[in-house]
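Okay, here's what each chain looks like letter by letter:
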Amino acid sequence: MADTILVFEFVSAGGMPGHPDEATLQPIGMAMRDAVAADLLQLPADRIGQVRVADSAGAPAHRDPGGRLHPVRAQPGQPALDFLAEQAARHDGVWVIAPESDGLLSACCALVAPTRWLGSTAAALRTSASKTRTLARLASAGLPTPWDFDAPGQARRWVVKPDVGAGAVDTVVLDDHGAAQALAARRTAAGACVTLQPWVEGEALSLSLLCGTGVRPALLSLNRQHLHCSASGRLDYIGVTHTGADARDPRWPALQAMADAIAEALPGLRGFVGIDLVWHAQHGPVPIEVNARVTNAYAGLSDALGRNLASEVLRACR
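Residues numbered from 1 in each chain as written. Predicted model: local features only at pLDDT ≥ 70, side-chain atom pairs only at ≥ 80, totals over all residues. Heavy atoms only, no water.

> Give me the overall build of the chain: which residues, what numbers.
Helix and strand content of the chain: 10 helices and 12 strands. Relative to the 2.2 N^0.38 estimate, which gives 20 Å for 318 residues, the radius of gyration of the chain is 19 Å and therefore close to what a compact globule would have. Considering only C-alpha atoms, the chain reaches an extent of 60 × 50 × 30 Å along its principal axes. Within the chain, the proportion of its 318 residues that are buried is 51%. Taking contacts inside the chain between residues at least 6 apart in sequence as the whole, the part at least 24 apart equals 62%. For the chain, the accessible surface area stands at approximately 13800 Å², while carbon and sulfur atoms represent 53% of it. Seen as two clouds, the 27 positive and the 31 negative side-chain charges of the chain have centres 3 Å apart. (Helix = DSSP H or I, 4+ residues; strand = E, 2+ residues; numbered from the N terminus. Rg over C-alpha atoms; globule rule 2.2 N^0.38 Å. Buried < 20%, exposed > 50% of the residue type's maximum accessible area, 1.4 Å probe, protein only. Contact = heavy atoms within 4.5 Å. Areas by Shrake-Rupley, 256 points an atom, 1.4 Å probe, with all protein chains shown as cover. Lys, Arg positive; Asp, Glu negative; His and termini not counted. Charge placed at Lys NZ, Arg CZ, Asp CG, Glu CD.)

Structure, rendered in structure tokens:
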């Protein structure tokens, strides 16, 4: 029997009404949501019977000649997490796209049976949600991290950002270490959980992976991250460009070795996984964050690679 898949993008499903980050995160989330739904609709109908998309901000505008795409919407006033719990039991697979902010992605995972969850395990999500915990785990595995640039004279800039967050929200880059420390202290005093790190100079990149239990992570694409730093130091995420998926790239062996080490250090990574990194002129790839979920780099990647990534994610997770 063909499966019914729920695609649940937390922000566009009505999960952050009035939240200060809603306007920033919703367009990114909807781009990922629509790309996932489009890939699922391209799979044979005897494999995927229906694709149901949680929507309160506009259903995906996909060609759907088979009539398999169905929007589902929460009742007025129904919290998004309650809506997810209600819907999860009605579907064979649940593909959640959500920010780590405020523990949202982990909260979603807790509401879906592991046999239905299409993504990384709860344990992997808990670790990767915290930038500090992630870097500590990677450092213990012998990987370079921004902390390696903390010696006097090494770092020229410092970054203050939420320890749990997405989309570069509330991220500030400052030239003065004392000013960065003061900003981190003010945010901490206001109740925020922040991290202060040396800013690693180099090319801002991300790596898209396909991960599965007991198999080597497959490198899908190296991507260039487009960031804008204002005069005040505010860092904004503009978007991402796929730069290639060619094993002949001289950087590929180092990237594969990094991915292998990260997968070993963070067991439970499954499906589509993104790694934010900086390519440093002397040190090579320096991982900054691990996103144990679909990232914005997913959009357009199936077309770029000439393969259906949703199909591969389903196999990797199930």
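Back to the text.
> Could you give an account of the pairing of strand β2 (residues 48-54), with specific residues and numbers?
Two strands pair when backbone bridges link them, and strand β1 (residues 3-9) and β2 are joined in this way by five bridges, in the parallel orientation. Residue pairing in the sheet places L6 in a bridge with R52 of β2. Note that β2 and strand β3 (residues 69-72) share four bridges and pair parallel. Of the residues in β3, the one forming a bridge with V53 is P71. (Pairing = 2+ DSSP bridges.)

> Break down the nonpolar core for me, citing the residues and quoting the values.
If you look at the biggest cluster of nonpolar residues, it comprises 46 residues, and the most contacted ones within it are F8, V96, L207, I262 and L269. If we ignore the near neighbours within four places in the chain, the residues touching L207 are L219, S221, L222, N223, L255, M258, A259, V273, G274, I275 and L277. Counting 29 residues, the second largest nonpolar core, distinct from the first, contains V7, L40, V313 and L314. (Core = buried A, V, L, I, M, F, W, Y, C linked by side-chain atoms within 4.5 Å.)

> With reference to specific residues and values, describe the pattern of salt bridges.
By the definition in use, this model includes 14 salt bridges. Residues R307 and E312 are paired through a salt bridge, measuring 2.8 Å at the closest nitrogen-oxygen approach. On the accessibility criterion, R307 (34% relative accessible area) is partly exposed. On the basis of relative accessibility, which here comes to 13%, the residue E312 falls in the buried class. Through salt bridges with shared partners, a single network forms among E203, R224, D249 and R251. (Salt bridge = Lys/Arg side-chain N within 4 Å of Asp/Glu carboxyl O.)

> Explain the packing of helix α5 (residues 122-129) against helix α6 (residues 131-140) to me, and be specific about the residues and the numbers.
Contact geometry for α5 and α6: axes closest at 5 Å, N-to-C directions at 100 degrees. It follows that α5 is roughly perpendicular to α6 by the angle criterion. Contacts from R126, T127, S128 and A129 in α5 reach K131, R133, T134 and R137 in α6. Classifying every residue of the contact of α5 with α6 by side-chain character gives one nonpolar, three polar and four charged. (Axes fitted to C-alpha atoms, helices over the stretch in contact; angles between N-to-C directions. Parallel < 35°, antiparallel > 145°, perpendicular 65-115°, else oblique. Nonpolar A, V, L, I, M, F, W, Y, C, P; charged D, E, K, R; others polar.)

> Residue-level account of the environment of A281, with values.
Mapped onto the elements of the fold, A281 is located in the loop between β11 (271-280) and β12 (284-291). Taking the C-alpha atoms as reference points, A281 and E201, separated by 80 residues in sequence, lie 8.5 Å from one another.

> Got a sec to walk through the sheet that holds strand β10 (residues 235-244)? Specific residues and values, please.
Spatial strand order, β10-β9-β8-β11-β12: five strands in an open sheet with antiparallel pairing. This sheet does not close on itself; its edge strands, each paired only once, are β10 and β12. Each adjacent strand pair in this sheet contributes to an overall mean axis angle of 35 degrees, direction not counted. For strand β9 (residues 218-229) and β10, the ladder comprises eight bridges, and the chain directions are antiparallel.

These values are about where atoms sit, not about what they do.
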